[in-house]
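# Tertiary structure, described
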Amino acid sequence: TMSTLNLSPGSLSTVFSDIEPTLQEEASPVCSIAYTADFVTAYDYLRTCLRTDEHSDRTLALTGLCLRLNPANYSVWHYRRRILATLQRRKASAIGGGEGDSDAKLPPLDANVLESELV
């Protein structure tokens, strides 16, 4: 697989020590959602990574953690797909023949890569 990182909510502050988590902004909610502490921590780091558009092994692992906490989040699935495409393109480029890291055209993803990364 592309990512060998196995993240847990407790390891996030170590793995992402170089970034500041972005807290969720709620303007006086009528009814607050009672998120678990693990969910809040993971999504705080995810918001920062989304804002900076980081595509790395650690963000791939973070999206996996976020999807385990909430598999119905389309935005996380979309971000994960973009990360996988970038990592696949980098790997192909390193092997010899890629044309850099342009996001203009995402390559089709290998179904086996997707399946192995999503478990």
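The structure we're discussing is the one just above.
This brings us to the side chain of D44. For D44, the position within the fold is in helix 2 (residues 37-52). Among the polar contacts listed, one links the side chain of D44 to the side chain of R47, at a separation of 2.3 Å. Other than its neighbours up to four places away in sequence, D44 contacts P21, T22, L23 and Q24.

The biggest cluster of nonpolar side chains holds 21 residues, and the ones touching the most others in it are L7, L12, F16, Y43, L46, L62 and C66. Of all the secondary-structure elements, those providing two or more residues to this core are helix 2, helix 3 (57-69) and helix 4 (74-96). Setting aside chain neighbours within four positions, we find L12 in contact with L7, S17, T41, A42, Y45, L62 and L65.

For the coordinates displayed, the defined rule picks out 3 aromatic pairs. One aromatic cluster is present, built from ring pairs that chain together Y35, F39 and Y43.

Below, the discussion takes up helix 2. Compared with the 22 Å implied by 1.5 Å per residue over 16 residues, the 23 Å span of helix 2 between its first and last C-alpha is a close match. For helix 2, every residue scored as buried is listed here: F39, A42, Y43, D44, Y45, L46, T48 and C49. In the core, the buried residues of helix 2 are packed alongside helix 1 (12-15), helix 3 and helix 4. Positive backbone phi, approximately 55°, marks D53, located one or two places after helix 2.

Time to look at the side chain of R80. Mapped onto the fold, R80 is located in helix 4. On the basis of relative accessibility, which here comes to 4%, the residue R80 falls in the buried class.

The relative placement of two packed helices is expressed as an angle between their axes plus a distance between the axes. At a minimum axis separation of 10 Å, helix 2 and helix 3 run at an interaxial angle of 140°. By the angle between their axes, helix 2 is oblique relative to helix 3. The chirality of how helix 2 crosses helix 3 is left-handed. Listed contacts from helix 3 to D38, F39, A42, Y43, Y45, L46 and C49 of helix 2 are T59, L62, T63, L65, C66 and L69. Across the contact of helix 2 with helix 3, the residue classes break down as 10 nonpolar, 2 polar and 1 charged.

Let us look at unusual backbone geometry. You will see that D53, though not glycine, has its phi angle at about 55°, which is positive. By the secondary structure assignment, D53 is in the loop between helix 2 and helix 3. By relative accessible area, which is 33% here, D53 ends up partly exposed.

Cut-off values and rules
- Residues numbered from 1 in each chain as written.
- Predicted model: local features only at pLDDT ≥ 70, side-chain atom pairs only at ≥ 80, totals over all residues.
- Heavy atoms only, no water.
- Helix = DSSP H or I, 4+ residues; strand = E, 2+ residues; numbered from the N terminus.
- Polar contact = N/O pair within 3.5 Å; in protein donor to acceptor, adjacent residues only side chain to side chain.
- Contact = heavy atoms within 4.5 Å.
- Core = buried A, V, L, I, M, F, W, Y, C linked by side-chain atoms within 4.5 Å.
- Buried < 20%, exposed > 50% of the residue type's maximum accessible area, 1.4 Å probe, protein only.
- Phe/Tyr/Trp six-rings, centres within 6.5 Å; stacked < 30°, edge-to-face > 60°.
- Expected span 1.5 Å × (residues − 1).
- Axes fitted to C-alpha atoms, helices over the stretch in contact; angles between N-to-C directions.
- Parallel < 35°, antiparallel > 145°, perpendicular 65-115°, else oblique.
- Left-handed = near helix turned anticlockwise from the far one by under 90°.
- Nonpolar A, V, L, I, M, F, W, Y, C, P; charged D, E, K, R; others polar.

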